[in-house]
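Residue-level listing of the chains:
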Amino acid sequence: DPYASLQRSLPVMGVPDAHALARGRGVTVAVIDTSADVAHADLASRAIEVRDFTGAHESGSAHGTAVTGIIAATTNNLLGIVGVAPEANVVSLAACWSRSDGEVRATCNSFTLAKALAAAIDLKADVVNLSLGGPSDPLLRRLVEYGLKRGMIFVGALPTGEPIGFPCEIAGVLAVDVVGHAPSARTTLYAPGTDVLTLLPHDRYDFLSGSSLAAANVSGSIALLLSTHRHWTAEQVRSILANTCAAGASINVCAALAGGGASSKCA
């Protein structure tokens, strides 16, 4: 993968060493976002299913493609980048739509998000990535709480640095912020989210920043953990990842795997 050396977030999280132990096989990650360009050369071999709940019928937009690329980009294909969990089963649930063609920012609403959350629950997804944020919503809260009771792990991006609004205010959702931001809630996890190399539609690559990218890094890391420890709960995963780093520093998934019983040398 010729651009792997430019993925500075991977060694920070211990991903190259972690891949010797796990690559996410057997774990289903639902990405609730804008639609992903699953025809991208670095995703096409992954057979990623896309379900559209927006009616916009976008063939692939920037935000969803970027988030999905971080989690699932194909590894060892002599092309592009490496996904954090390149063997996880990823499903793209399009509940948001681009504000304009090619723009990374997107819009969602409660109805489309509710349909996507219900689909993730029906799919029995192990991990649900929510690289988005909005006001409190009682219906969305009930759906997430139902999924949590079924053992699903929800990962949310902190848009303002504080767990306010959907989804990060919901107890049990793993809130993620960018390394370098001032530490906020004690339970917040941190991962690289500045100048992260990822995919964009039409076989493009670019560096993007934001807590959306940090959340995707954590979702991919959780897929690695669950592929070797299927029955870990959301709180166990949060605690294990938090214990791999000082407050405000990046998680290290290799150290988390080693602490979970696997033997490994972590960079």
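Residues numbered from 1 in each chain as written. Predicted model: local features only at pLDDT ≥ 70, side-chain atom pairs only at ≥ 80, totals over all residues. Heavy atoms only, no water.

Caption draft 1: Structural view of the sheet that holds strand β6 (residues 127-130). Taken together, 7 strands build an open sheet; the order of strands is β2-β3-β1-β6-β7-β8-β9 and the sheet is parallel. Of all strands in the sheet, those with a lone pairing partner are β2 (49-52) and β9 (189-191), marking the two edges. Between one strand axis and the next, the sheet turns by 25° as a mean value, whatever way the strands run. Here 6 bridges tie strand β1 (residues 28-33) to strand β3 (residues 89-94), and the two strands are oriented parallel to one another. (Pairing = 2+ DSSP bridges. Helix = DSSP H or I, 4+ residues; strand = E, 2+ residues; numbered from the N terminus. Axes fitted to C-alpha atoms, helices over the stretch in contact; angles between N-to-C directions.)

Caption draft 2: Quick look at the nonpolar core. Ranked by size, the top nonpolar core spans 56 residues in total, and within it V29, V218, I222, V237 and L241 carry the most contacts. Ranked by residue count, the leading element in this core is helix α6 (residues 211-228), at 10 residues. Residue contacts for V218: discarding those within four places in its chain leaves V155, V176, L189, A191, L241 and I251. Among the nonpolar cores identified, the runner-up in size contains 26 residues, and A95, A116, A119 and L130 belong to it. (Core = buried A, V, L, I, M, F, W, Y, C linked by side-chain atoms within 4.5 Å. Buried < 20%, exposed > 50% of the residue type's maximum accessible area, 1.4 Å probe, protein only. Contact = heavy atoms within 4.5 Å.)

Caption draft 3: Just α6, in detail. Relative to the 26 Å expected for 18 residues at 1.5 Å per residue, α6 spans 26 Å between its end C-alpha atoms, a close match to the ideal helical length. Of all 18 residues making up α6, 16 are buried, and the element is well covered by its neighbours. (Expected span 1.5 Å × (residues − 1).)

Caption draft 4: View of the packing of helix α4 (residues 110-122) against helix α5 (residues 138-149). Packing of α4 against α5 leaves a shortest axis separation of 10 Å and a crossing angle of 10°. Taken together, the axis directions place α4 and α5 in an arrangement best described as roughly parallel. Residues S110, L113, A114, L117 and I121 of α4 form the contact with α5, whose own contacting residues are L139, L140, L143, V144, Y146 and G147. Of the residues contributing to the contact of α4 with α5, the split by class is 9 nonpolar, 2 polar and no charged. (Parallel < 35°, antiparallel > 145°, perpendicular 65-115°, else oblique. Nonpolar A, V, L, I, M, F, W, Y, C, P; charged D, E, K, R; others polar.)

Caption draft 5: Spotlight on the pairing of strand β7 (residues 153-157). For β7, the buried fraction is high: 5 of the 5 residues fall into the buried class. Of the two faces of β7, the one holding I153, V155 and A157 and the one holding F154 and G156 are both buried throughout. Relative to β7, β6 runs parallel, the two being bridged by 4 bridges. Residue pairing for β7: V127 is matched across the bridge by I153. One crossover worth recording links β6 to the parallel β7 by way of α5, and it is right-handed. Pairing geometry for β7 and strand β8 (residues 174-178), over 3 bridges, is parallel. Opposite G156, over in β8, you have A175 as the bridge partner. (Right-handed = clockwise from strand over helix to strand, strands pointing away.)

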